[in-house]
Amino acid sequence: MSQNQSGSFRKKETGRWEYRFYYRDEYNLLHYKSVTGASKEICLSRAEDFLQRQQMHMRGIAIDMTIPEILRDRYRLDFEKGYIKEQGYGRNLATIVTIDNHPIGKIAIIDIEKGHIDAFLRYITRYSNTTIKKIYSMLSCAFLMAVEQGIIEKNPLKDRALRCPRSVKRDKIVRGLTEEEQKRLVTTLAEYDVPYGRNNYKAQILIELYAGLRMGEINALKPSDIKLTQDGGFIHVERTVSRGINCRPFISDSTKTDAGIRDVPISKPLVPVLQRAIKNMGKNPQGLLFYDYIKDGIIETTQVNCFYRRLCEKANVPFHGQHALRHTFATRCIESGIPAIVLKSWLGHRDIHVTLDTYSDVFSRMNHKSLDLFNSYIDELNNG
């Protein structure tokens, strides 16, 4: 057995080397540790790695923290300090589960290597591009925090080879109903008798179709938010149904974005719908215009979505989720010539580019109509 300044080597019967050394813990107690490797150099490298971790542990650095643990601590503190609200906290926790369910979520962040990250980035390409961006942003946040806390020396995501991946799925094309599909849907809705013992979501369907509100915003409306006048009036939007911790539904005192707080004009076909909804409203603890009196709880978007699916089947209309009604409203607005900046306000978009990008295909279809208007104007100008 050969000796080293701080430990000793011996060659095992298997041909591998074993290196035994001593170290002191945070209580100054002496311990011994042994590592093995194919060579003395590998043994020394492993011993040095262990001693470095031991020093970090003695300085109070949480060397065993995983990516999900780092992120949960971060978002919990953000929630407790008011930087994010319960709905945001709940969404973040739900996204972290994706990392938790992959092997990379079980490895201490200090032990994560480039190969682990590369395998995980390949794995998440099965999700949508929107989800991938959220996950990658969280991953970057976790590594950045690990650097700041002294757990690792540098953020591995700075390596260009580990840049944000792209989904193998095609981005979903936003599609509203055609004029014919909308007519069939409205006719079927008027004739549809809701079975006994089931909730009636007819009013919510029409509000989304004729005002473009998100379904969570509709289910959070109160009678005081409806301002009916002789000219129609407007709907004041300032809250939404959200999911918080453990997917608990609750009424959030804010909308999805700051721009979501808005007044949306009430169109002519919507006036009788709102009048009936206010008249038929029952007493409920939340004071909501729409309430699940069968289950005695808040109405969630998924409930309306199931109703909408059945309606589409009856009307022979393609089902793309009830959010298609909001896109249908926007499509009709663009077709009728409403400026994009006005539509942005009605939809509660944060940025005009969101409106332009989301409905780019509809704006493109309007090019021919716009050109016809321009040609007519020029003809009138030249012949006038």
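Residues numbered from 1 in each chain as written. Predicted model: local features only at pLDDT ≥ 70, side-chain atom pairs only at ≥ 80, totals over all residues. Heavy atoms only, no water.

Draft legend 1. Main features of the overall build of the protein chain. Across its full length, the protein chain holds 15 helices and 8 strands. Whereas a compact globule of 384 residues would reach a radius of gyration of roughly 21 Å, the protein chain reaches 30 Å, over 25% beyond that. Its C-alpha atoms give the protein chain principal-axis dimensions of about 100 × 60 × 35 Å. The 384 residues of the protein chain split such that 42% are buried. The contacts in the protein chain between residues at least 6 apart in sequence include a share of 58% that link residues at least 24 apart. Counting every atom, the protein chain has about 22,700 Å² of accessible surface; 50% of that belongs to carbon and sulfur. (Helix = DSSP H or I, 4+ residues; strand = E, 2+ residues; numbered from the N terminus. Rg over C-alpha atoms; globule rule 2.2 N^0.38 Å. Buried < 20%, exposed > 50% of the residue type's maximum accessible area, 1.4 Å probe, protein only. Contact = heavy atoms within 4.5 Å. Areas by Shrake-Rupley, 256 points an atom, 1.4 Å probe, with all protein chains shown as cover.)

Draft legend 2. Here's a closer look at the sheet that holds strand E5 (residues 234–237). The strand order E4-E5-E8 describes an open sheet built from 3 strands, whose pairing is antiparallel. On the outer flanks of this sheet lie strand E4 (226–227) and strand E8 (262–265), each paired with one strand and no other. For E5 and E8, the ladder comprises 4 bridges, and the chain directions are antiparallel. Residue pairing for E8: Val 237 is matched across the bridge by Arg 262. (Pairing = 2+ DSSP bridges.)

Draft legend 3. The pairing of strand E1 (residues 7–11), seen in detail. Where E1 meets strand E2 (residues 17–24), 5 bridges bridge the pair, whose relative direction is antiparallel. Of the residues in E2, the one forming a bridge with Ser 8 is Arg 20. As consecutive antiparallel partners, E1 and E2 are separated by 5 residues, and within that stretch Gly 15 has a phi angle of approximately 95°, a positive value.

Draft legend 4. Up close: the pattern of salt bridges. What the rule picks out here adds up to 19 salt bridges. For Asp 73, the salt bridge identified is with Arg 76, shortest N-O distance 3.7 Å. Taken as a pair, Asp 73 and Arg 76 lie in helix H2 (residues 67–80) at a separation of 3 residues, close to a single helical turn. Overall, the relative accessible area of 33% leaves Asp 73 in the partly exposed class. The shortest N-O distance in the salt bridge between Lys 85 and Asp 253 comes to 3.7 Å. Of this pair, Lys 85 sits in the loop between H2 and helix H3 (86–100) while Asp 253 is found in the loop between strand E7 (249–252) and E8, placing the two residues 168 residues apart along the sequence. Judged by its relative accessible area of 62%, Asp 253 is exposed. Each of Asp 49, Arg 53 and Asp 111 takes part in salt bridges that share partners, so that together they form one network. (Salt bridge = Lys/Arg side-chain N within 4 Å of Asp/Glu carboxyl O.)

Draft legend 5. Spatial organisation of a nonpolar patch on the surface. The grouping of Tyr 22, Leu 30 and Tyr 32 at the surface amounts to a nonpolar patch, some 360 Å² of accessible area in total. Along the polypeptide, Tyr 32 turns up in strand E3 (residues 30–37). (Patch = residues over 30% accessible without salt bridge, like charges linked within 9 Å, V, L, I, M, F, W, Y side chains within 5 Å.)

Draft legend 6. Expanded view of helix H10 (residues 301–315). The end-to-end C-alpha distance of H10, which contains 15 residues, comes to 21 Å, matching closely the 21 Å that a straight helix rising 1.5 Å per residue would cover. Among the residues making up H10, those that are buried are Gln 303, Val 304, Phe 307, Tyr 308, Leu 311, Cys 312 and Ala 315. Elements in contact with the buried residues of H10: helix H6 (179–191), helix H7 (202–211), helix H8 (215–218) and helix H11 (324–335). Immediately beyond the C-terminal end of H10, within one or two residues, lies Asn 316, with a positive phi of roughly 55°. (Expected span 1.5 Å × (residues − 1).)

Draft legend 7. The sheet that holds E2, seen in detail. Read from one edge to the other, the open sheet built from 3 strands follows the order E1-E2-E3, with strand pairing classed as antiparallel. The open sheet has two free edges, formed respectively by E1 and E3, since each of these has just one partner strand. Ignoring strand direction, the axes of neighbouring strands in this sheet form an average angle of 20°. (Axes fitted to C-alpha atoms, helices over the stretch in contact; angles between N-to-C directions.)

Draft legend 8. Highlighting the packing of H2 against helix H5 (residues 129–148). Relative to each other, H2 and H5 sit at 90°, their axes nearing to 9 Å. Classified by the angle between their axes, H2 and H5 sit roughly perpendicular to one another. The residues of H5 that touch H2, namely those facing Ile 67, Ile 70, Leu 71, Arg 74 and Tyr 75, are Met 138, Leu 139, Cys 141, Ala 142, Phe 143, Met 145 and Ala 146. Split into classes, the residues belonging to the contact of H2 with H5 amount to 11 nonpolar, no polar and 1 charged. (Parallel < 35°, antiparallel > 145°, perpendicular 65-115°, else oblique. Nonpolar A, V, L, I, M, F, W, Y, C, P; charged D, E, K, R; others polar.)

Draft legend 9. Structural detail: unusual backbone geometry. Despite not being glycine, Asp 296 has its phi angle at roughly 55°, a positive value. In this fold, Asp 296 is placed in the loop between helix H9 (271–280) and H10. We classify Asp 296 as exposed; its relative accessible area is 53%. At Asn 316, a residue that is not glycine, the phi angle is positive and equals roughly 55°. Within the element layout of this structure, Asn 316 appears in the loop between H10 and H11.

Draft legend 10. Broad picture of the packing of aromatic side chains. Scanning the model with the defined rule gives 14 aromatic pairs in all. With a centroid separation of 6.3 Å and 90° between ring planes, the pair formed by Phe 9 and Trp 17 is classed as edge-to-face. Here Phe 9 falls in the buried class, since its relative accessible area comes to 5%. Taking the centre distance of 4.7 Å and the plane angle of 20° together, the rings of Phe 79 and Tyr 89 count as stacked. Taken together, the residues Phe 79 in helix H2 and Tyr 89 in helix H3 connect sequence positions 10 residues apart. Taken together, Phe 9, Trp 17, Tyr 19, Phe 21, Tyr 23 and Phe 50 form an aromatic cluster joined through their ring pairs. Looking at Lys 40, its charged tip hangs above the ring of Phe 9, at a distance of 5.3 Å from the centre. Between the NZ or CZ atom of Lys 40 and the centre of the ring of Trp 17, over which it lies, the distance is 4.8 Å. (Phe/Tyr/Trp six-rings, centres within 6.5 Å; stacked < 30°, edge-to-face > 60°. Lys NZ or Arg CZ within 6 Å of the ring centre and 35° of its normal.)

Draft legend 11. Main features of the side chain of Asn 219. Following the sequence through the fold, Asn 219 ends up in the loop between H8 and E4. A relative accessible area of 0% places Asn 219 in the buried class. Dropping the residues within four chain positions of it, Asn 219 is found in contact with Gln 204, Val 241, Leu 288, Phe 290, Ile 299, Glu 300, Thr 301 and Val 304.

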